[in-house]
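As a plain string of letters, each chain reads:
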Amino acid sequence: MTKIKKKTKKINDNIVTFPSKMNSGEREIEAIVFAAAEPLDIDTIESKISKKIDVLKSLEKLQREYSSRGINLVCISNRWSFRTSENLSNLMSQEKTVEKKLSRAAVETLAIIVYHQPVTRAEIEEIRGVAFGTNTLEILMELNWVKPQGRKDVPGKPIQYGTTNDFLSHFSLQKLSDLPTVDELGSAGLIDSSNIDNAIFGTGKFYKEKQVEKKEDIYENIDEMLGGTLSQDEDK
């Protein structure tokens with residue numbers, strides 16, 4: 001009578017199995033290091049466990065057990081901690097947008113450029129009454145809110161700065177003449193107009209141009225009205 005051998009197929013699964021054959025002391029060490037907020041030295045670990053065992057030997061055993069896993073037990077400067085395996089570190093990267101507030105110097109510089117453009121660095125410093133670092137302008141240009149706008153026709157030919165279309169888009173403005181005046185900002189409670197230097201907001205060209213456009217429209221309407229009145233008188 002022949003015996004039939006049954007072939008059994010070993011099924012591999014993806015379930016992570018943690019180190020087996022661990023004594024209670026090793027389990028305590030594993031738990032303590034895993035839960036620690038920072039790497040621990042051997043003395044600290046010894047003071048926390050309830051059993052008297054060779055902590056270093058236990059740590060080295062755990063280190064070998066975890067060497068091929070997603071997390072490894074590592075020792076840096078005699079301190080032990082669990083860390084993500086180096087070849088999996090790319091999975092832990094995360095991109096996020098960090099919002100940073102502009103410094104007071106950057107805000108004031110931007111306001112001066114907005115309301116006085118095109119304006120030179122020297123003119124900005126004169127209005128602010130204080131010199132500012134080069135990085136202040138660089139920050140505004142990195143945001144693409146400010147850009148060079150030619151050179152002023154004076155000795156030295158200094159660079160002039162003005163705002164960009166990205167500045168208008170960011171602040172939902174159709175054109176520079178839509179910018180609020182210092183009085184409007186004060187009425188809206190955005191600034192304390194009683195304690196702010198109005199020179200920062202100035203009277204930029206766009207305000208003058210807006211006023212001129214309004215005057216021209218008024219005159220055109222008057223001309224039309226006068227023309228219509230004269231025509232009526234002639235008919236009579």
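As the structure is a prediction and not an experimental result, all values here were calculated from the model.

Trainee: Please give an account of the sheet that holds strand E3 (residues 119-120) that cites residues and values.
Mentor: Strand order in the open sheet made by the three strands is E3-E5-E4, with antiparallel pairing throughout. At either margin of the open sheet sits one strand with a lone partner, and together these are E3 and strand E4 (146-151). Bridge analysis of E3 against strand E5 (residues 159-163) gives two bridges, and the strand direction is antiparallel. Bridged to Val119 within E5 is Tyr161.

Trainee: Before we move on, could you go through the pattern of salt bridges and cite the residues and values that matter?
Mentor: A complete count under the given rule lists six salt bridges for this structure. Here Arg121 makes a salt bridge to Glu125, at a shortest N to O gap of 3.4 Å. Remark: Glu125 and Arg121 occur in helix H5 (residues 121-128); sequence separation between them is four residues, near one turn of the helix. Exposure remark for Arg121: the relative accessible area of 28% places this residue in the partly exposed category.

Trainee: So, the side chain of Gln117: which residues are in play, and what are the values?
Mentor: You can see Gln117 is positioned in the loop between helix H4 (104-116) and E3. At a separation of 2.9 Å, a polar atom in the side chain of Gln117 contacts the main-chain amide nitrogen of Thr163.

Trainee: Let's hear about helix H6 (residues 134-142): which residues, and what values?
Mentor: Taken as a whole, H6 has its buried residues at Thr136, Leu137 and Leu140. Across the axial projection of H6, the buried residues extend over an arc of 90°, all falling on one side. Where H6 is buried, its residues contact H4, H5, E4 and E5. Of the residues one or two after H6, Asn144 is the one with positive phi, at around 60°.

Trainee: Any chance you could break down the pairing of strand E2 (residues 79-84) for me, citing the residues and the numbers?
Mentor: Where strand E1 (residues 71-76) and E2 come together, six bridges link them in antiparallel fashion. Looking at the pairing, Ile76 lines up with Arg79 of E2.

Trainee: Explain the packing of aromatic side chains residue by residue, including any values.
Mentor: Following the criterion strictly, the structure yields four aromatic pairs and no others. Between Phe34 and Phe82 the ring centres are 6.2 Å apart and the planes differ by 65°, which places this aromatic pair in the edge-to-face class. Taken as a pair, Phe34 in helix H1 (residues 24-35) and Phe82 in strand E2 lie far apart in primary sequence, 48 residues in all. Taking the relative accessible area as the measure of exposure, Phe34 reaches 59% and is therefore exposed. Members of the aromatic cluster, joined through ring pairs, are Phe34, Tyr66 and Phe82.

Trainee: An account of the nonpolar core is requested, with residue identities and associated values reported.
Mentor: Core analysis: the largest hydrophobic core is formed by 17 residues, its most contacted members being Leu110, Ile113, Val114, Ile124, Val146, Phe167 and Leu179. Looking at this core, the elements with two or more residues in it are H4, H6 and helix H7 (165-170). With five residues, the single largest contributor to this core is H4. When neighbours within four sequence positions are excluded, Val146 is seen to be in contact with Leu110, Ile113, Leu140, Met141, Tyr161, Gly162, Thr163 and Thr164.

Trainee: How would you sum up a negative patch on the surface? Please name residues and give values.
Mentor: On the surface, a cluster of negative charge is contributed by Asp43, Glu46, Asp54 and Glu60. Structurally, Asp54 is set in the loop between helix H2 (42-48) and helix H3 (55-66). Owing to a relative accessible area of 46%, Asp54 belongs among the partly exposed residues under this scheme.

Trainee: Got a sec to walk through unusual backbone geometry? Specific residues and values, please.
Mentor: Residue Gln117 is joined to Pro118 through a cis peptide bond whose omega torsion reads -5°. Secondary-structure assignment places Pro118 in the loop between H4 and E3. The residue Ser77 is not glycine, and still its phi comes out positive at about 55°. For Ser77, the position within the fold is in the loop between E1 and E2. One non-glycine residue, Asn144, lies in the positive phi region at around 60°. Residue placement: Asn144 occurs in the loop between H6 and E4.

Trainee: Can you break down a nonpolar patch on the surface residue by residue, with the values?
Mentor: A surface patch of nonpolar side chains, amounting to about 300 Å² of accessible area, comprises Leu88, Leu91 and Met92. On the secondary structure map, Leu88 appears in the loop between E2 and H4. For Leu88, a relative accessible area of 30% gives the class partly exposed.

Calculation notes
Residues numbered from 1 in each chain as written. Predicted model: local features only at pLDDT ≥ 70, side-chain atom pairs only at ≥ 80, totals over all residues. Heavy atoms only, no water. Pairing = 2+ DSSP bridges. Helix = DSSP H or I, 4+ residues; strand = E, 2+ residues; numbered from the N terminus. Salt bridge = Lys/Arg side-chain N within 4 Å of Asp/Glu carboxyl O. Buried < 20%, exposed > 50% of the residue type's maximum accessible area, 1.4 Å probe, protein only. Polar contact = N/O pair within 3.5 Å; in protein donor to acceptor, adjacent residues only side chain to side chain. Arc of directions from axis to C-beta. Contact = heavy atoms within 4.5 Å. Phe/Tyr/Trp six-rings, centres within 6.5 Å; stacked < 30°, edge-to-face > 60°. Core = buried A, V, L, I, M, F, W, Y, C linked by side-chain atoms within 4.5 Å. Patch = residues over 30% accessible without salt bridge, like charges linked within 9 Å, V, L, I, M, F, W, Y side chains within 5 Å. Areas by Shrake-Rupley, 256 points an atom, 1.4 Å probe, with all protein chains shown as cover. Lys, Arg positive; Asp, Glu negative; His and termini not counted. Charge placed at Lys NZ, Arg CZ, Asp CG, Glu CD.

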